[in-house]
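Residue-level structural notes
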Amino acid sequence: MSSTIELGMPPVGGSVLLADPRGYCAGVDRAVITVEKALDLYGAPVYVRKEIVHNKHVVNNLRDRGAIFVEELDEVPEGATVVFSAHGVSPMVHAEAAERSLKTIDATCPLVTKVHHEARRFANEGYRILLIGHEGHEEVEGTAGEAPDHITLVQTPDDVDGLEFPEGTRLSWLSQTTLSVDETMETVRRLREKFPQLEDPPSDDICYATQNRQVAVKEIAKNADLVIVVGSANSSNSVRLVEVALEAGAKASYRIDDISEIDESWLDGVQNVGVTSGASVPDDLVQEVLGYLAERGHPGAQAVRTADESLIFALPPELRRDMKVAAAEAAHG
């Protein structure tokens, strides 16, 4: 069992510092439960466009239960049930699903949906939108698809130097929800320096969970010789946690999918180990890491809490409607 320590207390020698919060966020929890409930309600197979969340263990577990993951909708039989992933899809994907008479359940994280709304609004008002994000990421593709003629992708702060727009161009910025907070703010600072007319979104796009996990890893990294981040390679927020840990003072940091990827030599000469996980990681994978460390002389993980999270998102309305119908039929059956 882990204990909780207050911020600012020096760690006990040989400690394992466990970031809190870590792991599942509300959007991931909603998306995973959506697929589980869809399998229960409609029976297998249920198709899922792209990975429901970016974690290979979660995807494999759902695949074992009867979910079929596809890259594009043309792999889904006409009339079948398909779930859209937490990362969101473009209007073109919704239109394609309608043309092929697919039953769709949209598990897009509500915080990503908010960015889609902002993209449409800025586009309707005639803005050129500077979208900060990673090319090829599903979330970026979905957001850009809302207003493709109005969006310019900005991947790094250095990209700002190459941007040029006609005088009088109305500019706004949006961002992928899973980026490094510090790097995104540096990009925005440089954008504003070059384009003083730049307008902000109504609220920060980087999601609360991404920010909270970055704050927590910064706190444990201050006193850590090594920070282990549990998360898959295609998980943007997990990859960012490694970068943030190193920037915050960790002597070394590595991302792993599970304990099979830990190199025991990482622990050579290490006293304090920090452990955290990305927003799409089930906590049993973290507990396995703690067990691994305990067996190698690092017992008694101490939780370092930097925020409390209590947000819960309702399941997609189309799924809730069908669950209610099924419950009513069962009650009268």
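Before reading on, note that the structure itself is shown above.
Residues numbered from 1 in each chain as written. Predicted model: local features only at pLDDT ≥ 70, side-chain atom pairs only at ≥ 80, totals over all residues. Heavy atoms only, no water.

**Digging into the environment of G269**
For G269, the position within the fold is in the loop between β11 (253–256) and β12 (273–277). Accessibility expressed as a relative area gives 84% for G269, which makes it exposed. (Helix = DSSP H or I, 4+ residues; strand = E, 2+ residues; numbered from the N terminus. Buried < 20%, exposed > 50% of the residue type's maximum accessible area, 1.4 Å probe, protein only.)

**Points about empty space enclosed by the protein**
Counted by the stated rule, this structure contains one cavity of 30 Å³ or more. In this structure, the largest cavity encloses a volume near 260 Å³. In terms of lining residues, the largest cavity is bounded by 24 residues, among which C25, V28, H87, T178 and N237 are the most central. If you list the elements that add at least two residues to the lining of the largest cavity, you get α1 (26–42), α4 (110–124), α7 (208–221) and α8 (236–247). Looking at which element gives the most residues to the lining of the largest cavity, the answer is α7, with three residues. Tallied by class, the residues present in the lining of the largest cavity amount to twelve nonpolar, eleven polar and one charged. (1 Å grid on protein atoms, 1.4 Å probe; cavity = no way out; pocket = protein on both sides within 12 Å on 5 of 7 lines; lining within 4 Å. Points joined across faces, edges and corners; volume = space filled by probe spheres on them. Nonpolar A, V, L, I, M, F, W, Y, C, P; charged D, E, K, R; others polar.)

**Quick word on the environment of E36**
With respect to the secondary-structure elements, E36 resides in helix α1. Of the residues examined, E36 reaches a relative accessible area of 27% and is grouped as partly exposed. In this structure the C-alpha to C-alpha distance between E36 and L62, which are 26 residues apart in sequence, comes to 7.4 Å. Not counting residues up to four positions away in its chain, the partners in contact with E36 are L62 and R65. (Contact = heavy atoms within 4.5 Å.)

**Here we look at the pairing of strand β5 (residues 81–84)**
Taking every second residue as pointing to the same face, both faces of β5 are buried, with T81 and V83 on one and V82 and F84 on the other. Across three bridges, strand β3 (residues 46–49) lies against β5 in parallel orientation. Paired with Y47 across the bridge in β5 is V82. With four bridges connecting them, β5 and strand β6 (residues 103–106) associate as parallel partners. The partner of T81 across the bridge, within β6, is K103. The parallel pair β5 and β6, bridged by helix α3 (residues 91–99), forms a crossover whose chirality is right-handed. (Pairing = 2+ DSSP bridges. Right-handed = clockwise from strand over helix to strand, strands pointing away.)

**Some remarks on the nonpolar core**
One finds V35, I52, V53 and V83 to be the most contacted residues of the largest nonpolar core, which totals 30 residues. Going through the elements one at a time, α1, β3, α2 (56–65), β4 (67–70) and α4 are the ones with two or more residues in this core. At seven residues, the largest contribution of residues to this core is made by α1. Beyond its immediate chain neighbours, meaning those up to four positions away, V35 contacts V48, I52, L62, A67 and V83. Of all hydrophobic cores here, the second largest spans 20 residues; its members include V16, V230, L285 and L290. (Core = buried A, V, L, I, M, F, W, Y, C linked by side-chain atoms within 4.5 Å.)

**Thoughts on the pairing of strand β10 (residues 226–230)**
In terms of burial, β10 is a largely internal element, five of the five residues being buried. Taking every second residue as pointing to the same face, both faces of β10 are buried, with L226, I228 and V230 on one and V227 and V229 on the other. Judged from the five bridges that link them, β10 and β12 form a sheet pairing that is parallel. Among the inter-strand pairings, V229 is bridged to a residue of β12, identified as T276. As paired elements, β10 and β11 share four bridges and run parallel to each other. Along β11, the bridge assignment pairs V229 with R255. The β-α-β motif built from β10, the intervening α8 and the parallel element β11 has right-handed crossover chirality.

**Here's the deal with the state of the cysteines**
Scanning all chains against the criterion turns up zero disulfides. The thiol sulfur of C25 is not disulfide-bonded, and the nearest other cysteine sulfur, from C207, lies at 5.6 Å. Taking the relative accessible area as the measure of exposure, C25 reaches 12% and is therefore buried. (Disulfide = S-S within 2.5 Å.)

**Thoughts on the pattern of salt bridges**
Tallying each qualifying case throughout the model produces 28 salt bridges. In this structure, the salt-bridge partner of K218 is D182, at a minimum N-O distance of 2.9 Å. Of the two residues, K218 sits in helix α7 while D182 sits in helix α6 (residues 181–194), which places them 36 residues apart along the sequence. By relative accessible area, which is 28% here, K218 ends up partly exposed. Salt-bridge contacts for R189 lead to E186; the nearest nitrogen and oxygen are separated by 2.8 Å. Residue R189 and its partner E186 are located together in helix α6, separated by three residues, close to a single helical turn. Three or more residues joined by partner-sharing salt bridges are found here, namely R49, K50, E71 and E72. (Salt bridge = Lys/Arg side-chain N within 4 Å of Asp/Glu carboxyl O.)

**Brief notes about the sheet that holds strand β8 (residues 151–154)**
Read across the sheet, three strands follow the order β8-β7-β9 without closing on themselves; strand pairing throughout is parallel. Both edges of this open sheet fall to β8 and β9 (171–175), since each of them pairs with a single strand only. The mean angle between the axes of side-by-side strands here comes to 30°, regardless of whether they run parallel or antiparallel. Sheet analysis places strand β7 (residues 128–132) next to β9, joined by five bridges and oriented parallel. What sits directly across from I129, in β9, is S172. (Axes fitted to C-alpha atoms, helices over the stretch in contact; angles between N-to-C directions.)

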